[in-house]
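# Structural overview
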Amino acid sequence: MQKSLSFLENSSVPDFDFPLKIPIIGDSSVGKTSLMRRLCFGEYSGDTRPTTGVDLLILRRKLEGRSVQIQLWDTAGGERFRTLSAGFYRGAHGAVIVFDLSRKETFSSVKSWQSELEAHMGSQECPVLLLANKSDLEADREVSEEDIARFAADNRLLFAEVSAKSNAGNRLSKAFDDFAPRVLRSAIDGNLAREFQENGKAYQEAKLGLKPTPPSLRNIEIAKDPHTNKKCCGVL
């Protein structure tokens, strides 16, 4: 599998304290690579070669007071890629699904891409941005904005009509500026939930003498609720 690694360095955000993994999925030749290069580097090339494996593009942003490294995992959209998908989705915090406005069959495939994403993510919350690419080909449009909006609403997706070629209205950056903070908040909430679950289990094991108390839990004390006289735990 061929891989390439590209970086966008932002001197105002030299380091990061939170990584976000976002897979970019959709059928072949819908413009996934062109969109990501437009977003990261502000450029467009009409002769972009199809992705043969996985390309990783890095975007650094300041989001809600945090320095964030956004990892955009761009993939081949063919059936061959789906055999590689388990590792590709592992650890993802959000996802972008792309289709081509001028090819209705690529819109019909969106549901199967969403189902595949959900199958790999399980119960983990995963915000999804639906990008309808090639809005510059209005004369060749095969999918109405009403159909896209209805599908997005039914499936709780953000969506935007964009063009990697014309970048009309800078809609791609605006859509991502709305999407990225949602991914960050979801990732933070997910981490807190997992930490609470893991610490709760570790605390119970330590309380029963099954395992030594982990260092991170040694500040937990047992206190009595003055109203019920029952014990409860609190973190100091």
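What counts and how
Residues numbered from 1 in each chain as written. Predicted model: local features only at pLDDT ≥ 70, side-chain atom pairs only at ≥ 80, totals over all residues. Heavy atoms only, no water. Helix = DSSP H or I, 4+ residues; strand = E, 2+ residues; numbered from the N terminus. Buried < 20%, exposed > 50% of the residue type's maximum accessible area, 1.4 Å probe, protein only. Contact = heavy atoms within 4.5 Å. Areas by Shrake-Rupley, 256 points an atom, 1.4 Å probe, with all protein chains shown as cover. Salt bridge = Lys/Arg side-chain N within 4 Å of Asp/Glu carboxyl O. Arc of directions from axis to C-beta. Pairing = 2+ DSSP bridges. Phe/Tyr/Trp six-rings, centres within 6.5 Å; stacked < 30°, edge-to-face > 60°. Lys NZ or Arg CZ within 6 Å of the ring centre and 35° of its normal.

Let us look at the overall build of the chain. A tally of regular secondary structure across the chain gives six helices and nine strands. Here the chain, with 236 residues, has 44% of them falling under the buried criterion. Contacts spanning at least 24 positions in sequence make up 73% of the contacts within the chain whose residues lie at least 6 apart. Only carbon and sulfur atoms are counted for the fraction: they give 50% of the accessible area of the chain, which is about 13,200 Å².

Take the pattern of salt bridges next. Under the counting rule described, the total for this entry stands at ten salt bridges. Notably, a salt bridge pairs Glu64 with Arg185, separated by 2.3 Å at the nearest N-O pair. Of this pair, Glu64 sits in the loop between β3 (54-63) and β4 (66-75) while Arg185 sits in helix α6 (residues 171-207), and the two are 121 residues apart along the sequence. For Glu64, a relative accessible area of 48% translates into the label partly exposed. The class of Arg185 is partly exposed, set by a relative accessible area of 38%. For Lys134, the salt bridge is made with Asp100, and the minimal N-O distance between the two is 3.2 Å. In this pair, Lys134 sits in the loop between β6 (128-133) and α5 (145-154) while Asp100 sits in strand β5 (residues 95-100), placing the two residues 34 residues apart along the sequence. Residue class for Asp100 comes out buried when judged on its relative accessible area of 1%. Connected through shared salt-bridge partners, Asp100, Arg103, Glu105 and Lys134 make up one network.

Moving on, we come to the environment of Ser173. Tracing the chain through its elements places Ser173 in helix α6. Separated by 138 residues in the primary sequence, Ser173 and Leu35 place their C-alpha atoms 10.0 Å from one another.

Attention now moves to α5. Spacing of three or four residues puts side chains on the same side of an α-helix, whose turn is 3.6 residues. Of all the residues in α5, the buried ones are Ile148, Phe151 and Ala152. Viewed along the axis of α5, the buried residues span an arc of 100 degrees, placing them on a single side of the element. The outward face of α5, more than 90 degrees from its buried face, is lined by the exposed residues Glu146, Ala153 and Asp154. For α5, the elements touching its buried residues are β5, α3 (104-108), α4 (110-121), β6 and β7 (158-161). The first or second residue beyond α5 is Arg156, which carries a positive phi of 55 degrees.

Most peptide bonds take the trans form, and the phi angle of most residues other than glycine is negative. Phi is positive for Lys134, which is not a glycine, with a value near 70 degrees. Lys134 sits in the partly exposed class, given a relative accessible area of 24%. Even without being a glycine, Asn170 presents a positive backbone phi close to 50 degrees. Take Asn170: it is sitting in the loop between β7 and α6. When its relative accessible area of 36% is taken as the criterion, Asn170 is described as partly exposed.

Take the pairing of β3 next. Extensive coverage of β3 is indicated by the burial of nine of its ten residues. Relative to β4, β3 is paired through ten bridges, and the arrangement is antiparallel. Bridged to Leu63 within β4 is Arg66. The antiparallel pairing of β3 with β4 creates a hairpin that spans two residues between the two strands, and Glu64 there sits at a positive phi of about 50 degrees.

Inspection of every chain in the model, using the stated rule, returns five aromatic pairs. Where Trp73 meets Phe88, the ring centres are 6.4 Å apart and the plane angle is 70 degrees; that geometry is what we call edge-to-face. Here Trp73 is found in strand β4, whereas its partner Phe88 is found in helix α2 (residues 85-89), with 15 residues between them in sequence. According to the relative accessible area criterion, Phe88 is buried, its value standing at 3%. An angle of 50 degrees between the planes, with centres 4.9 Å apart, marks the rings of Phe99 and Phe107 as tilted. Neither residue differs from the other here; Phe99 and Phe107 are each classed as buried. Directly above the aromatic system of Trp73 lies the positively charged group of Lys21, at a separation of 4.4 Å from the ring centroid.

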